[in-house]
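So you can see what is in the structure, the chains are spelled out below.
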Amino acid sequence: FSSNVSIEDEIALKQFARERGLIVMGPDCGTAIISGIGIGFANIVRRGAIGAIGASGTGLQEFTTLVHHAGSGISHAFGTGGRDLSDAIGGVSALTALDALERDPMTKVIAIISKPPGKQTLARLVERIAQCSKPVVACFLGQRAELPGANIRFRIARTIDEAALLAVQIANGKPPLETTSNLQSLISNAQAQLKPTQKYLRGVFAGGTFCYQAQQILQDLGLRVYADSPLQGNLELPDPRRSIEHTLVDMGAEFFTDGRAHPMIDATLRRERILAEAQDPQVAVLLLDFILGYNASADPVGDLVDAITQAQRIARARGDELIIVASVCGTEGDPQGLGRQIKLLKDAGVIILPSSAHAARVAGMIVQR
C-alpha cells in the first residue's frame, strides 16, 4: 500500500518481478487475499472457486464480500494497483495474476475489476482472456465502448454487484438467491421530506472505486456530477475541498492523504466534510460508504455517527431534513462486527443499502425528483 511511486519505478519493479515469475501488488492498492489470508485492507470471506484481480483495494473488498454474501467464496484476490492497466504500465501485474489464477486448481472463475484500461492494454487483455481456459467476468467501471470478444466464457459486467452475481452464477451453475424489495416507497418517503430548494447530492467516500462507480451510476441516471477524479463526461471539481452542485469526492485521494492516514483509518477529514456539506441548504442527500475488515478503523461507523447526527441537527435547525444514504462493505466475520455497524447507522436514521452501487442508485433516484 504505497503512493507517490513514479511510473518509471513501477514499470521497472513489475518487469523485474515478471521475469522471475512474481507479482507486484500495487502501488496505490492495499488489498489482497492469498490462499485465504488477507493482506492489507481485507475482509473475512470464505474460500471458494472465484479468483479476483482488482486495480484498487476497495473494489476488491466489495467484490469479495458480495461473493461471500451470495454464498460462494474466493480462491485468491490480487490487487494490482490503480495504474496497472494503463498503457504506461501495460497490465503487467494483471496479466501475471491471470496466468496464476488460470493455473490454480481451486479457481474455476476469474473476475477482473478496474477503471477502463488503456486502449492498447485493453486489446492485449482481451486477446489474453480469449485464450484463457477458464470463464472470465470483466467489470471496467466507466467503460462506454462495447468490448470486443465478449461471449459465453467472457462476460461483461457494468457494476461490481453485477460482476459478483455473474461470477457466482458461473461458479455454482445457477444464479444466487436474491432478496428483492420494493425501494419505491423508501425513495418516495425520502423525497417527501425534502424542500424544493434541496436538490443536490453530495458523496463523501473513503473508497475511491465506490466514488468512481457512483459517478457511472449517476451518469446513467442523467445526473451531471462534479468529482475530484471525474469519469469521462463528468466535471472536474476545481477545488476538492469545496463541493459544487452534485459532487462526489474521494477522501482517499492523494490530495487528502498526503502526510496523513487513509480515511479508512482516520476519519477526521470525512467528519469535517460531512459537517461542511450539512451547512449548504441546497443539499438533499448525503451519500457515504463504510468499509470494514483488517487494518481499517476498529469502529468505522462509530467514528462518524456523531458527525452524522450533528449534520442532521444542523439541517433541522433551519427547517430542512438531510437524507443520508450509506452502504457497509464487510462480512459477519470482520472484527468490527457488521451487524453492530449497521445498527448504529439505522439508529441514526440512515438509509442502508446492501452495496455501494445500490446506495448510489437510490441516492440518485431521490434527488431526481
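The structure displayed is predicted, hence computed values, not measured ones.

Draft legend 1. Region of the structure containing the overall build of the protein. A count of helical and extended segments in the protein gives twelve helices and 14 strands. In terms of overall size, the protein behaves like a compact globule, its C-alpha atoms giving a radius of gyration of 20 Å where 369 residues would be expected to give roughly 21 Å. Dimensions of the protein along its principal axes, counting C-alpha atoms only, are 60 × 45 × 40 Å. Residues classed as buried in the protein amount to 55% of the 369 residues present. Across the protein, every contact between residues at least 6 apart in sequence was considered, and the portion connecting residues at least 24 apart equals 72%.

Draft legend 2. Inspection of the side chain of Thr-58 at higher detail. Along the chain, the position of Thr-58 falls in helix α2 (residues 57-69). Exposure remark for Thr-58: the relative accessible area of 8% places this residue in the buried category. Residues within four places of Thr-58 in sequence aside, it is in contact with Gly-207, Gly-208, Thr-209, Phe-210, Met-264 and Ile-291.

Draft legend 3. Representation of helix α6 (residues 184-192) within the structure. The set of residues buried in α6 consists of Ile-187, Ala-190 and Gln-191. Buried residues along α6 cover an arc of 100° about the axis, so they all sit on one side. Set apart from the buried face of α6 by more than 90 degrees, the exposed residues are Asn-189 and Ala-192. Structurally, α6 contributes buried residues whose contacts are with β13 (323-329), β14 (351-353) and α12 (356-367).

Draft legend 4. Quick look at the nonpolar core. Grouped together as the largest cluster of nonpolar side chains are 33 residues, with contacts concentrated most on Leu-201, Leu-248, Val-285, Leu-287, Ile-323, Val-325 and Ile-366. Counting only elements with at least two residues in this core, the list comes to α6, β8 (200-205), α7 (208-220), β12 (283-291), β13, β14 and α12. No other element matches α12, which puts seven residues into this core. Sequence-distant contacts of Val-285, defined by excluding residues within four places in its chain, comprise Tyr-200, Leu-201, Arg-202, Leu-322, Ile-323, Val-325, Ala-363, Ile-366 and Val-367. Core analysis: the second largest hydrophobic core is formed by 28 residues, Leu-288, Ile-314, Ala-326 and Leu-345 among them.

Draft legend 5. Local environment of helix α1 (residues 7-19). Over its 13 residues, α1 runs 18 Å from end to end, which matches the ideal 18 Å to within 8%, given 1.5 Å per residue. Buried residues of α1: Glu-10, Lys-14 and Ala-17, and no others. Considered in projection along α1, the buried side chains sweep an arc of 60° and stay on one side of the axis. Exposed positions of α1 whose direction lies more than 90 degrees from the buried face are Glu-8 and Glu-19. At its buried positions, α1 is contacted by α3 (92-103). Looking one or two places after α1, you find Gly-21, whose phi comes out positive at around 70°.

About the criteria used
Residues numbered from 1 in each chain as written. Predicted model: local features only at pLDDT ≥ 70, side-chain atom pairs only at ≥ 80, totals over all residues. Heavy atoms only, no water. Helix = DSSP H or I, 4+ residues; strand = E, 2+ residues; numbered from the N terminus. Rg over C-alpha atoms; globule rule 2.2 N^0.38 Å. Buried < 20%, exposed > 50% of the residue type's maximum accessible area, 1.4 Å probe, protein only. Contact = heavy atoms within 4.5 Å. Arc of directions from axis to C-beta. Core = buried A, V, L, I, M, F, W, Y, C linked by side-chain atoms within 4.5 Å. Expected span 1.5 Å × (residues − 1).

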